[in-house]
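Commentary on secondary and tertiary structure
Listed here are the chains, written in short residue letters.
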Amino acid sequence: MAWTKYQVILASTLVITGSINTLSTKWADTLKSESSDGQIRPFEHPFVQACAMFLGEFLCLLTFKAVYYHLRRKNDGAEDRHDLVKGNREFSPFILLIPAILDMVATSIMYVGLNLTYASSFQMLRGSVIIFVGILSVAFLNRTLVSREWIGILFILIGLGVVGVSDFAADNGEGTSYSRNNVITGDLQVLLIILAQIITAVQMVYEERYVAGLDIPALQAVGWEGFFGFSILGLLLIPMYFIQVMPPFNNNARGVLEDLPDALVQMKNNFQLILAILGTIVSIAFFNFAGISVTKEISATTRMVLDSVRTLVIWVISLALSWQKFNYLQIFGFSGLLFGMCLYNNILILQTYDRVRNAYLQRRENNDGQSEVIINRRADEPDC
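Residues numbered from 1 in each chain as written. Predicted model: local features only at pLDDT ≥ 70, side-chain atom pairs only at ≥ 80, totals over all residues. Heavy atoms only, no water.

Under an unreviewed UniProt entry, the protein chain has the name Solute carrier family 35 member F6 and belongs to Culex quinquefasciatus. Listed under Subcellular location (unreviewed entry) in UniProt, the entry text for the protein chain is "Membrane". Listed in UniProt under the heading Sequence similarities (unreviewed entry), the comment for the protein chain reads: "Belongs to the nucleotide-sugar transporter family. SLC35A subfamily." (UniProt positions renumbered as here; feature names shortened; annotations may be inferred.)

Put into structure tokens, the structure is as follows:
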């Protein structure tokens with residue numbers, strides 16, 4: 001069935017804003033500005049960037065309220081029929097506090113990892129969340145993974161391994177001033193991003209068990225998680241200002257875990273940083289809106305496919321902007337991840353196999369039928 005113009009716009013918005021979200025965050029990481037100590041430093045403030053992301057999610061709550069009260073003014077029950085606001089609105093927001101805290105921790109760790117690696121590798125490594133969601137679903141949701149899902153997880157693991165190797169090779173080839181990867185397994189950024197995906201998987205399983213059955217409007221749920229995440233992380237920036245840390249996490253004016261005043265000074269001295277932060281805030285708001293709408297208007301499967309397209313877009317743009325060098329290993333890593341995700345979610349792979357197999361059998365049956373007709377015709381011919 002062909003997509004409507006509205007569905008095409010939603011799908012395009014999902015891919016574009018999702019790509020902008022990662023790229024704008026990485027863009028800020030690549031920029032330099034005069035710091036509060038008068039030195040020119042790179043902008044390394046992952047926790048401030050995480051706050052900006054949660055602020056963008058909080059905008060979803062404001063959008064929900066605006067749409068709800070607009071529909072409510074009509075006095076025709078439209079607020080109970082519209083996809084964006086219908087559902088259970090009588091619930092305690094604090095049911096979303098635990099998912100918000102998990103999201104806050106995961107996002108903060110991911111942004112630290114993004115600061116140490118490439119945007120494309122970051123996006124590919126996020127695909128590992130499927131592995132941990134599958135394992136935790138078996139343990140806590142009494143799910144049973146079928147063979148297709150286990151094989152999909154295997155391909156994802158292979159893809160992740162290739163991405164990790166390509167990241168390590170690229171870093172060694174560029175000769176970094178300090179060894180960013182020689183921690184435990186020799187790949188710090190991969191460890192951080194994978195750890196973040198484990199926490200994200202815990203969040204998703206928790207939401208499926210305790211939140212999904214409440215029928216909370218998705219835009220409202222995202223907005224409340226953004227509110228809690230922004231509030232809590234914003235308060236945590238205060239003690240972070242006094243916590244001294246070791247390299248490579250102390251490249252700010254005071255060598256602390258996070259330095260909000262320093263981040264504000266750098267943003268003041270470089271307007272591009274303001275644009276990058278605004279890009280993160282606005283893009284995450286539209287990304288969540290588009291994601292929810294795609295799931296409702298088309299399907300969750302389509303959303304998963306579009307998310308894979310987003311990874312490809314980020315990789316191509318990163319290469320075009322010379323943020324990284326081309327590494328053929330990433331092609332194999334991306335292919336493994338994409339194949340594994342499609343197999344796990346039962347997208348395209350088995351359907352394509354069935355179509356090819358059925359076409360082959362049909363063709364073989366037709367050929368056998370033609371051969372039988374020819375043989376019978378020759379048998380009926382008189383001998384000369």
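Still to come is the rest of the account.
**Topic: the overall build of the protein chain**
Per the secondary structure count, the protein chain includes 13 helices and 2 strands. Out of the 384 residues in the protein chain, the part that is buried amounts to 47%. By element, 63% of the accessible surface of the protein chain is carried by carbon and sulfur atoms, the whole surface being about 19,800 Å². (Helix = DSSP H or I, 4+ residues; strand = E, 2+ residues; numbered from the N terminus. Buried < 20%, exposed > 50% of the residue type's maximum accessible area, 1.4 Å probe, protein only. Areas by Shrake-Rupley, 256 points an atom, 1.4 Å probe, with all protein chains shown as cover.)

**Quick look at unusual backbone geometry**
Phi is positive for Asn75, close to 55 degrees, though the residue is something other than glycine. One can find Asn75 in the loop between helix 2 (46-72) and helix 3 (97-116). Positive phi values are uncommon outside glycine, yet Asn142 reaches one of about 60 degrees. On the secondary structure map, Asn142 appears in the loop between helix 5 (129-140) and helix 6 (147-174). Overall, Asn142 belongs to the exposed group, its relative accessible area being 69%.

**A look at the packing of helix 3 against helix 8 (residues 218-240)**
Orientation of helix 3 relative to helix 8, taken along the N-to-C sense of each, is 60 degrees, at an axis distance of 8 Å. Between helix 3 and helix 8, the angle falls in the class oblique. As helix 3 runs across helix 8, the sense of the crossing is right-handed. Side by side, helix 3 and helix 8 meet where Leu97, Pro99, Ala100, Ile101, Asp103, Met104 and Ser108 of the first sit next to Glu225, Phe228, Gly229, Ile232, Leu233 and Leu236 of the second. (Axes fitted to C-alpha atoms, helices over the stretch in contact; angles between N-to-C directions. Parallel < 35°, antiparallel > 145°, perpendicular 65-115°, else oblique. Left-handed = near helix turned anticlockwise from the far one by under 90°. Contact = heavy atoms within 4.5 Å.)

**A closer look at the packing of aromatic side chains**
Taken as a whole and assessed by the stated rule, the structure comprises 12 aromatic pairs. One aromatic cluster is present, formed by Phe58, Phe94, Trp224, Phe227 and Phe228 through successive ring pairs. In this structure, Arg254 packs its charged tip against the face of Tyr241, placed 4.1 Å from the ring centre. (Phe/Tyr/Trp six-rings, centres within 6.5 Å; stacked < 30°, edge-to-face > 60°. Lys NZ or Arg CZ within 6 Å of the ring centre and 35° of its normal.)

**With respect to the nonpolar core**
Where a protein is soluble and globular, its nonpolar side chains tend to be buried together. Membership of the largest hydrophobic core comes to 54 residues, with the highest contact counts inside it found for Leu125, Ile156, Leu160, Leu233 and Leu337. Setting aside residues no more than four positions away along its own chain, Leu337 makes contact with Met124, Phe155, Ile156, Gly159, Leu160 and Val163. (Core = buried A, V, L, I, M, F, W, Y, C linked by side-chain atoms within 4.5 Å.)

**A look at a nonpolar patch on the surface**
Together, Ile151, Leu154, Phe155, Ile158 and Phe339 line one region of the surface with nonpolar side chains, adding up to about 420 Å² of accessible area. The element that contributes the greatest number of residues to the nonpolar patch is helix 6, accounting for 4 residues. For Ile158, the position within the fold is in helix 6. A relative accessible area of 47% places Ile158 in the partly exposed class. (Patch = residues over 30% accessible without salt bridge, like charges linked within 9 Å, V, L, I, M, F, W, Y side chains within 5 Å. Salt bridge = Lys/Arg side-chain N within 4 Å of Asp/Glu carboxyl O.)

**A word on the side chain of Ser318**
Here Ser318 shows up in helix 11 (residues 300-320). Not counting residues within four places of it along the chain, the set of residues in contact with Ser318 comprises Leu23, Ala119, Ser120, Trp323 and Gln324.

**Quick look at the side chain of Arg41**
Take Arg41: it is sitting in strand 2 (residues 40-42). On the basis of relative accessible area, Arg41 is assigned to the buried category, the value being 13%. Polar contacts involving the side chain of Arg41 include one to the side chain of Asp37, which spans 2.6 Å. (Polar contact = N/O pair within 3.5 Å; in protein donor to acceptor, adjacent residues only side chain to side chain.)

**A few points about the environment of Gly333**
Secondary-structure assignment places Gly333 in helix 12 (residues 328-344). Sequence spacing of Gly333 and Ile158 is 175 residues, and the spatial spacing of their C-alpha atoms is 7.3 Å. Setting aside residues up to four positions removed in sequence, Gly333 forms contacts with Gly159, Val162 and Val163.

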